[in-house]
Amino acid sequence: MAEAVRNVLRAAEEQLKAAGVPSPRVDAEILLCHVLECDRTALLIRDSVDDEQLEEFIQFLGFRSARVPLQHLTGLAPFRRIEAQVGPGVLIPRPETELLVDKAISFVRDVPEPVIVDLCSGSAAMSVSLAMEIPCSQVHALEFYEDAFNYGQANVRKYAAEIAMNGSTISLIKDDVRGCETRELKSLAGKVDVIVANPPYIPAAAIPRDPEVFQYEPHVALFGGEDGMDFIGAIVAAAKVLLKPGGLVVIEHGDNQGEDGDPSVPRFLRESGVFASVSDHNDLAGRPRFTTGVRHADFPRG
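Residues numbered from 1 in each chain as written. Predicted model: local features only at pLDDT ≥ 70, side-chain atom pairs only at ≥ 80, totals over all residues. Heavy atoms only, no water.

So, on to the nonpolar core. Ile 82, Val 128, Leu 130 and Val 194 are the most contacted members of the largest nonpolar core, which totals 33 residues. For this core, the secondary-structure elements that each account for two or more residues are β3 (76-79), β4 (82-85), α6 (98-107), α7 (125-133), α8 (146-158), β8 (192-197) and β9 (243-252). Per-element tally for this core: the top contributor is α7, with six residues. Once residues within four sequence positions are removed from consideration, Ile 82 is found in contact with Ala 77, Ala 125, Val 128, Ser 129, Met 132 and Tyr 159. Core analysis: the second largest hydrophobic core is formed by 31 residues, Leu 185, Ala 234, Leu 243 and Val 249 among them. (Core = buried A, V, L, I, M, F, W, Y, C linked by side-chain atoms within 4.5 Å. Buried < 20%, exposed > 50% of the residue type's maximum accessible area, 1.4 Å probe, protein only. Helix = DSSP H or I, 4+ residues; strand = E, 2+ residues; numbered from the N terminus. Contact = heavy atoms within 4.5 Å.)

Have a look at this one:
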């Protein structure tokens, strides 16, 4: 017996709301669209859900009520112009990370065939977006962990045609960011225009506030050592070698690691002696989210 879509969504919204899901109506609609294989516009004109579809939807609701990430259930995470394939084992790309792509695009707008490195690239959502949105760009994506690297490969394959049509390329590299400038990326020394990085930056003793993050996202992509800064040092070391004089580094960080934080990523970059014009930037919610720095032209590489 078919159920009216409006009744199904109303009950689903109440169930997800009771489970503490932050956006119960939106999540209910996205999950129902996933089951019905339609978009949310088509859902507005759909009258009913059959028994088989309803049973599948109820199963998804159970998982989402247990705070399994919505993106793990659909297998997709919207990011700028793409839908990245994601799942257990890879960090889900978030809207605030899109701002790093904006900064990189703005910086190389007038640079022909810019060379870009994405460190700790995870799903490669940033790399794919950069390659699709910056004409004739050469993007090198570095990721060490097997599951995340596999998702990165899947996303590069998914958007290979669009990347090629833009005249761009992506090179996926399986390597640790720590010491990468002496191994796989050694050939790029002094040739890179922009480095973007969304590294693990949560301090070891901190507990992420959202159950979806702490329970289901890979801890190797979240935690950055005792103070959360272990990978920041590795990124600075790589930038020292890889960036051209005047090249830009863009590093995402926690909202308590900005200009006034302790530890502070902006202060770390300034004290390294490698960067000029160090600036911290807020996310869409007005919280400190990423730091940029321009490589000194006269800083030695060795």
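Let's pick the thread back up.
Turning our attention to empty space enclosed by the protein. Counted according to the given criterion, the structure contains one cavity of 30 Å³ or more. Surrounding the largest cavity, 31 residues form its lining, Cys 120, Ser 121, Gly 122, Glu 143 and Asn 198 being those nearest its centre. Residue assignment for the lining of the largest cavity shows that the elements contributing at least two residues are α7 and β6 (138-143). Tallied by class, residues from the lining of the largest cavity come to 19 nonpolar, six polar and six charged. (1 Å grid on protein atoms, 1.4 Å probe; cavity = no way out; pocket = protein on both sides within 12 Å on 5 of 7 lines; lining within 4 Å. Points joined across faces, edges and corners; volume = space filled by probe spheres on them. Nonpolar A, V, L, I, M, F, W, Y, C, P; charged D, E, K, R; others polar.)

It is worth spelling out the sheet that holds β6 at this point. Spatial strand order, β7-β6-β5-β8-β9-β11-β10: seven strands in an open sheet with mixed pairing. With one partner strand each, in any of the chains shown, β7 (169-174) and β10 (275-282) form the two edges of the open sheet. Each strand axis lies, on average, 15° off the axis of its neighbour in the sheet, ignoring direction. The pairing of β10 with strand β11 (residues 288-295) spans six bridges and is classified as antiparallel. Across the sheet, His 281 pairs through a bridge with Phe 290, a residue of β11. Along the sheet, helix α12 (residues 265-272) makes contact with β9, β10 and β11, crossing β10 at roughly 175°. (Pairing = 2+ DSSP bridges. Axes fitted to C-alpha atoms, helices over the stretch in contact; angles between N-to-C directions.)

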